[in-house]
Amino acid sequence: MTILGRSGLEVSKIAFGTWQLGGDWGAFDEDTAVAAIHHARDLGVNFFDTAQAYGRGRSEVLLGRALRKESDVVIATKGGINPRAARPRDSRRAWLTQGLDSSLRNLNVDHIDLYQVHWPDPDTPAADVAGLMQEFVDAGKVRHVGVSNYDAEQLEAFDVTRPVETLQPPYHLFRRGIETGPLPYARAHDIGVVVYSPLGSGLLTGALTPGTTFEPTDWRSKSSAFQGDNLRRNLEVVDRLKEFAARRGFTVGQLAIAWTLARPGVHAAIVGARRAEHIEASVAAADIALTSDDLAEIDRITVDAVQVAGAAPEGIA
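What you see as residue numbers is a count from 1 along each chain, following the sequence as written. In view of the model being predicted, local features appear only for residues whose pLDDT reaches at least 70, and side-chain atom pairs are presented and counted only at 80 or more, with totals across whole chains, interfaces and linings using the full set of residues. Based on all heavy atoms of the structure, the side-chain values leave hydrogens and waters out of the count.

Each reported salt bridge corresponds to a side-chain nitrogen of Lys or Arg within 4 Å of a carboxyl oxygen of Asp or Glu. Evaluated as defined, the whole model comprises 22 salt bridges. Residue glutamate 30 is joined to arginine 58 by a salt bridge in which the shortest nitrogen-to-oxygen separation is 3.5 Å. Of this pair, glutamate 30 sits in helix H1 (residues 30-42) while arginine 58 is found in helix H2 (residues 58-67), placing the two residues 28 residues apart along the sequence. Buried residues are those whose accessible area, probed at 1.4 Å on protein chains only, stays under 20% of the maximum for their type, while exposed residues exceed 50% and partly exposed ones sit between those limits. For glutamate 30, a relative accessible area of 31% translates into the label partly exposed. For the salt bridge of arginine 65 with aspartate 31, the shortest nitrogen-to-oxygen distance reads 2.5 Å. Of this pair, arginine 65 sits in helix H2 while aspartate 31 sits in helix H1, placing them 34 residues apart in sequence. Residues joined in a network through salt bridges with shared partners are Glu30, Asp31, Arg58 and Arg65. Secondary structure is summarised from DSSP: a helix means a run of H or I of at least four residues, a strand means a run of E of at least two, and numbering begins at the N terminus for each.

Given below as structure tokens:
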């Protein structure tokens, strides 16, 4: 367990992510997914992350169904984007308010433990967004306030009106941009950092090959990170990481998760699963202690990796 920065929330170092339960990663069986959530609880996971935009509420409904008899869990969700709309980043009062109320209904709860602005909206002043989030707290609908995908300047602008308690950025061995800017800012201001995509959306699992293809409904089928030379080069790096991990008795996926948790300022990592057996290895990764020599070797192995982007409200890079 870890304390999530100045939020004071006590959470498991592995958060169960549910983007994959919204339909954007291809087809899945809902009952099997619910069983995976229950198994995560059995393994000590108390932290669950979702969003209004994941399947337009489908993920939240499924998570609410799975956790309706559970107590002592921390549920985080996100609002403020409207995929495929003319304005996909929308932190205006009307859309955020509608989104929060929708999330409360979908999850079947009377408050959200951690409510996050999903993506920064350049057309809505930070003071307006932060002020509205404080209104949600004052109304008892939200306990703690966070943001996702914000850079350091955006964090600072939000902080002027209402402290940011948590930050949810993308972070993995092939996507290290937060190391300059948002992560140092978060460390300096005791902001809880919960990284998403520690497995590189599958790149770092060891399960992909240069010939891997994805269902048309899977966002990765349109991403440059999973095509051509970018994929080939990074999978060569993964093969070397796999050998390094095997010599230490764990998998390359566990190595990738342990690496993110070993980074100064990172409190927890969000890992998705659609089957019960998939979450076990991820939870075990939280107990792996990497030495300074290990971390230096990982940096050496990944020095020629291709840094990649991911999905955003406007599309997929």
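The discussion continues.
Turning our eyes to something else, we now look at the sheet that holds strand E3 (residues 14-17). Strands pair, by our definition, only if DSSP identifies at least two bridges between them. Pairing within the closed barrel is parallel, and its eight strands lie in the order E3-E4-E5-E6-E7-E8-E9-E10. Pairs of neighbouring strands in the sheet enclose a mean axial angle of 30°, with direction left out of account. In this structure, strand E8 (residues 166-168) lies alongside strand E9 (residues 192-196), joined through two bridges in parallel fashion. For threonine 166, the partnering residue across the bridge sits in E9 and is glycine 192. Residue contacts are defined here by distance: any two heavy atoms, one from each residue, within 4.5 Å place the two residues in contact. To obtain each axis, a line is fitted to C-alpha atoms, and for helices this fit is confined to the stretch in contact; angles are then taken between N-to-C directions over 0 to 180 degrees. Against the sheet, helix H4 (residues 126-138) makes contact with strand E6 (112-117) and strand E7 (142-148), and its axis sits at roughly 155° relative to E7, the strand it touches most. Strands in contact with helix H8 (residues 252-262) are E3, E9 and strand E10 (268-272); relative to E10, the strand with the most contacts, it is inclined by about 155°.

On to the pairing of E6. Counting buried residues in E6 gives six out of six residues, a clear majority hidden from the surface. Orienting the strands away from the viewer, one traces the path from the first strand over the helix to the second; a clockwise path indicates a right-handed crossover. Read from strand E5 (residues 74-79) through helix H3 (residues 93-107) to E6, the crossover connection turns out right-handed. Where E6 meets E7, five bridges bridge the pair, whose relative direction is parallel. The partner of valine 117 across the bridge, within E7, is valine 147.

All right, on to the packing of aromatic side chains then. Planes of paired rings set the category: under 30 degrees apart is stacked, over 60 is edge-to-face and the rest tilted, where pairs are Phe, Tyr or Trp rings (Trp by its six-membered ring) whose centres lie within 6.5 Å. Counted by the stated rule, this structure contains eight aromatic pairs. Summarising the aromatic geometry, the rings of tyrosine 150 and phenylalanine 158 are spaced 6.3 Å apart at their centres and angled 75° between planes, so their arrangement reads as edge-to-face. Relative accessible area serves as the criterion here: at 0%, phenylalanine 158 is assigned to the buried category. Between tyrosine 171 and tryptophan 259, the aromatic rings sit 5.2 Å apart at their centres with planes inclined by 40°, giving tilted as the arrangement. Separated by 88 residues along the polypeptide, tyrosine 171 in the loop between E8 and helix H6 (182-188) and tryptophan 259 in helix H8 bring together distant segments of the chain. What makes tyrosine 171 buried here is its relative accessible area of 0%. One aromatic cluster is present, built from ring pairs that chain together Trp19, Tyr54, Phe214, Trp219 and Phe226.

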